[in-house]
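Now for the letters of each chain:
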Amino acid sequence: MRTTDDLLVVFDAECREHLAAMRRALDTLEHRPADWNAVSVVVRGAHTIAGNAAMMALTAPTKLARALEQAAIRLHGGRQAAGMSAMALMRESVEALDAMLRVCVQQAGDGVSLDSRVERVLNRLEGVGVQTAAGST
Amino acid sequence: MASTKKRVLAVDDSTLLQRMYEMSFKIYTTVPVELAIASDGQDALTRLAEHPDTDLVLLDINMPGMTGLECLERIRKEPALKRIRVILVSTEDHRSDVERGVAAGAVAYLIKPFTPQQLHELLDDMLVSKRANGR
């Protein structure tokens, strides 16, 4: 039995499930921006992927999933409906996460780093759900 | 000294973590352990009601439905389960929840990511050390 391969199969399958659920939740949020159950699905999916990626020592996916989780938590906690830019950013995060995870699974290890595009996504995620004097982002 | 089999319940909604627990316990040799897995807080309470002789629970904090902290409170309130040791498992981001859990009666915590070696050291401490027999 090849332990790492077995774990990668389980890791990949679980990530796929959560990524699909997050995409469906984001579809829902496009029609109903204040659907807190849908926001919870994003929080849950990002949380599990972040925790699992950390256990697999996959640094970059952990960081991105954690940032997405925190952004969704801020939206949920502040009962802030996601605006168009926040929605687009969360979608971009999910797709970037998907791409990174595929590479990690194919290479059976921590084979990706945060490129400049993903770094920008990370930086922008930090502003999602942050209350400002001019309103939420 | 003859060692008796210890009963451990690991509670986590992540399939990956469940598999990792199974693999980690397979190579844990200090004492014989019978491992059970639960996927959420309610499932954990059901299994503990069936096996109140469980020695140790590894309890994830952030789970859908009943959270780990709610599950811990239920364990501590149930007279038949009060003696069971609970280790909370969480990520660095939820350290404040871990601290609340320790205040609520957890005996230790484990921060994800952790290695099998770190888990084994904690098991040694909880299952076989003098500290394990001190309650």
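Residues numbered from 1 in each chain as written. Chains lettered and ligands numbered in written order. Predicted model: local features only at pLDDT ≥ 70, side-chain atom pairs only at ≥ 80, totals over all residues.

Caption draft 1: Looking closely at the overall build of chain A. Summing up its helical and strand segments, chain A has 5 helices and 2 strands in all. A compact globule built from 137 residues should have a C-alpha radius of gyration of about 14 Å, and chain A, at 15 Å, falls within 12% of that. If one aligns the C-alpha atoms of chain A with their principal axes, the spans along those axes are about 55 × 30 × 20 Å. By the burial criterion, 42% of the 137 residues in chain A qualify as buried. Of the contacts formed within chain A by residues at least 6 apart in sequence, a portion of 69% connects residues at least 24 apart. (Helix = DSSP H or I, 4+ residues; strand = E, 2+ residues; numbered from the N terminus. Rg over C-alpha atoms; globule rule 2.2 N^0.38 Å. Buried ≥ 20, exposed ≤ 12 C-beta atoms within 10 Å, placed from the backbone. Contact = placed C-beta atoms within 7 Å.)

Caption draft 2: Broad picture of the confidence of the model for chain B. Chain-level pLDDT for chain B is 91 on average; 93% of the residues reach the 70-or-more range. Model confidence for the complex is summarised by a pTM of 0.90, with the ipTM given as 0.88. (pLDDT = per-residue confidence, 0-100.)

Caption draft 3: Region of interest: helix 2 (residues 36-55) of chain A. All names here are of chain A. Compared with the 28 Å implied by 1.5 Å per residue over 20 residues, the 28 Å span of helix 2 between its first and last C-alpha is a close match. Taken across its 20 residues, helix 2 has 17 buried, putting it largely inside the fold. Two residues or fewer after helix 2 comes Ala57, characterised by a positive phi angle close to 60 degrees. (Expected span 1.5 Å × (residues − 1).)

Caption draft 4: Layout of the pairing of strand 4 (residues 85-91) of chain B. Residue and element names in this part refer to chain B. Taken across its 7 residues, strand 4 has 6 buried, putting it largely inside the fold. In this region the chain leaves strand 3 (residues 56-60), passes through helix 3 (residues 68-77) and returns to the parallel neighbour strand 4; the handedness of that crossover is right-handed. In the sheet, strand 4 pairs with strand 5 (residues 108-112) via 5 bridges, with the strands oriented parallel. Within strand 5, the position partnered with Val89 by the bridge is Leu110. Handedness of the strand 4-helix 4 (residues 95-103)-strand 5 crossover: right-handed. (Right-handed = clockwise from strand over helix to strand, strands pointing away. Pairing = 2+ DSSP bridges.)

Caption draft 5: Spotlight on the environment of Gly111 of chain A. All names here are of chain A. Tracing the backbone shows Gly111 in the loop between helix 4 (84-107) and helix 5 (116-125). Under the C-beta neighbour-count criterion, Gly111 is labelled partly exposed, with 13 such atoms within 10 Å. Between the C-alpha atom of Gly111 and that of Leu101, which follows or precedes it by 10 residues, the distance is 9.4 Å. Discounting chain neighbours no more than four positions away, the residues touching Gly111 are Val103 and Cys104.

Caption draft 6: Spotlight on the interface of chain A and chain B. Contacts between chain A and chain B engage 14 residues on the former and 13 residues on the latter. Those elements that place two or more of their residues in the side of chain A that touches chain B are helix 1 (3-31) and helix 2 of chain A. Among the elements that make up the side of chain A that touches chain B, the one with the highest residue count is helix 2 of chain A (7 residues). Considering only residue class, the side of chain A that touches chain B consists of 6 nonpolar, 5 polar and 3 charged. (Nonpolar A, V, L, I, M, F, W, Y, C, P; charged D, E, K, R; others polar.)

Caption draft 7: Spatial organisation of the sheet that holds strand 2 (residues 33-38) of chain B. Residues and elements named next belong to chain B. Taken together, the 5 strands give an open sheet; going across it, the order is 2-1-3-4-5, and neighbouring strands pair in parallel fashion. Two strands close off the open sheet at either side, each with one partner strand: strand 2 and strand 5. Ignoring which end each strand starts from, the neighbouring axes of this sheet average 20 degrees apart. Against the sheet, helix 4 contacts strand 4 and strand 5, and its axis sits at roughly 170 degrees relative to strand 4. (Axes fitted to C-alpha atoms, helices over the stretch in contact; angles between N-to-C directions.)

Caption draft 8: Just the confidence of the model for chain A, in detail. Looking at chain A, the pLDDT average stands at 89 and 93% of residues meet or exceed 70. By mean pLDDT, the top-scoring element of chain A is helix 2 of chain A (96), and the lowest-scoring one is strand 2 (residues 135-136) of chain A (50).

Caption draft 9: Representation of unusual backbone geometry within the structure. In this structure, Pro113 of chain B follows Lys112 of chain B across a cis peptide bond, with omega equal to 0 degrees. Phi angles above zero are rare outside glycine, and Arg79 of chain A is one such case at about 45 degrees. Here Arg79 of chain A is to be found in the loop between helix 3 (59-77) and helix 4. Exposure remark for Arg79 of chain A: the 10 C-beta atoms within 10 Å place this residue in the exposed category. Residues other than glycine seldom take positive phi values, yet Ala108 of chain A does so here, at roughly 50 degrees. Mapped onto the fold, Ala108 of chain A is located in the loop between helix 4 and helix 5.

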